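# Per-entry structural report
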Amino acid sequence: MTLITIVAVSLYGVLRWVFYEPFKRAHEEQLIHSSKQQSHFLETIRGVQSIKLFGRQEERKSRWLNLVVDTMNGDVSTQKLGLAFRSGNAFVFGAEKIAVVWLGASLVLDNAFSVGMLFAFVAYKEQFAARISGLIDKFIEMKMLTVQGERLADIVLTESEPDTAQSTMPALADTSLKSAI
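Please read all numbers here as calculations on a predicted model, not as lab measurements. (Residues numbered from 1 in each chain as written. Predicted model: local features only at pLDDT ≥ 70, side-chain atom pairs only at ≥ 80, totals over all residues. Heavy atoms only, no water.)

## Topic: the packing of helix α2 (residues 20-46) against helix α5 (residues 115-156)
For the record, the criterion: Axis definition: a line fit to C-alpha positions, over the contact stretch in the case of helices; interaxial angles, taken between N-to-C directions, run 0 to 180 degrees. Only runs of H or I of at least four residues qualify as helices and only runs of E of at least two qualify as strands under DSSP, and these elements are numbered from the N terminus. Helix crossings fall into two classes, left-handed where the near helix is turned counterclockwise from the far one by less than a right angle and right-handed where it is turned clockwise. It only takes one pair of heavy atoms within 4.5 Å for two residues to be counted as in contact. Each residue gets one of three labels, nonpolar for Ala, Val, Leu, Ile, Met, Phe, Trp, Tyr, Cys and Pro, charged for Asp, Glu, Lys and Arg, and polar for the others, Gly among them.
Put simply, α2 and α5 touch, their axes get as near as 10 Å, and they point 35 degrees apart. For the pair α2 and α5, the sense of crossing is right-handed. Residue-level contacts link Y20, F23, K24, H27, E28, L31, I32 and S35 of α2 to I140, K143, M144, T146, V147, Q148, E150 and R151 of α5. Among the residues making up the contact of α2 with α5, the classes are represented as seven nonpolar, four polar and five charged.

Take a look at the structure:
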């Protein structure tokens, strides 16, 4: 019975590891779509006067709505993968519970196990399986933090643009001063 539990936990770990890359890609795409949508929104707010002067409100609105749809689609694909993980967990550990109870009941009927021993084993098995699957899930979540770290590193490690307003102001002041003299 212990072997059944260990195989189920191992199977769940393998399942999570195999589908880690698709989940990571979906999460990255969701972040990219979300950042594009938010950037577009902020650009629209900053340039609202120019947008209104040129009558481009509907164009900006439709482009923003398309970005919102892309963001939601990315969120849906990430949630579908999360649902698949939870369903896989329920299937693997549900099948494991059925196998353990069936094997344990047959051992109780053969007088090789007592009912109390079966209950104790099931209780410890449940605790073990829940904690190991939680550990696997937390490990995957920690690995998923690399996506956030990579996005943050892109922002932090990007060289800042030179401030053109400050660099041209002294030059303009110098030329206007020289022309006045």
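## A closer look at the environment of R151
The criterion, for reference: In this scheme, a residue with accessible area under 20% of its type's maximum is buried, one over 50% is exposed, and one in between is partly exposed, where area comes from a 1.4 Å probe on protein chains only.
Tracing the backbone shows R151 in helix α5. We classify R151 as partly exposed; its relative accessible area is 30%.

## A few points about the packing of aromatic side chains
Going by this rule: Two rings from Phe, Tyr or Trp (for Trp, the six-membered ring) form a pair when their centres sit within 6.5 Å of each other. Planes less than 30 degrees apart are called stacked, planes more than 60 degrees apart edge-to-face, and all others tilted. Counted as over-ring charges are cases with an Arg CZ or a Lys NZ within 6 Å of the ring centre that also lie within 35 degrees of the ring normal.
Evaluated as defined, the whole model comprises five aromatic pairs. When the centroid spacing of 5.7 Å and the interplanar angle of 55 degrees are considered together, the rings of Y12 and F93 count as tilted. Taken as a pair, Y12 in helix α1 (residues 2-18) and F93 in helix α4 (residues 57-109) lie far apart in primary sequence, 81 residues in all. Note on Y12: relative accessible area 1%, which makes it buried. Accessibility expressed as a relative area gives 7% for F93, which makes it buried. Where F41 meets W64, the ring centres are 5.8 Å apart and the plane angle is 40 degrees; that geometry is what we call tilted. Separated by 23 residues along the polypeptide, F41 in helix α2 and W64 in helix α4 bring together distant segments of the chain. For F41, a relative accessible area of 40% gives the class partly exposed. Following the ring pairs from residue to residue traces out a cluster consisting of W17, Y20 and F139. Looking at R16, its charged tip hangs above the ring of F85, at a distance of 4.0 Å from the centre.

All quantities given are derived from atomic positions and should not be read as evidence of function.
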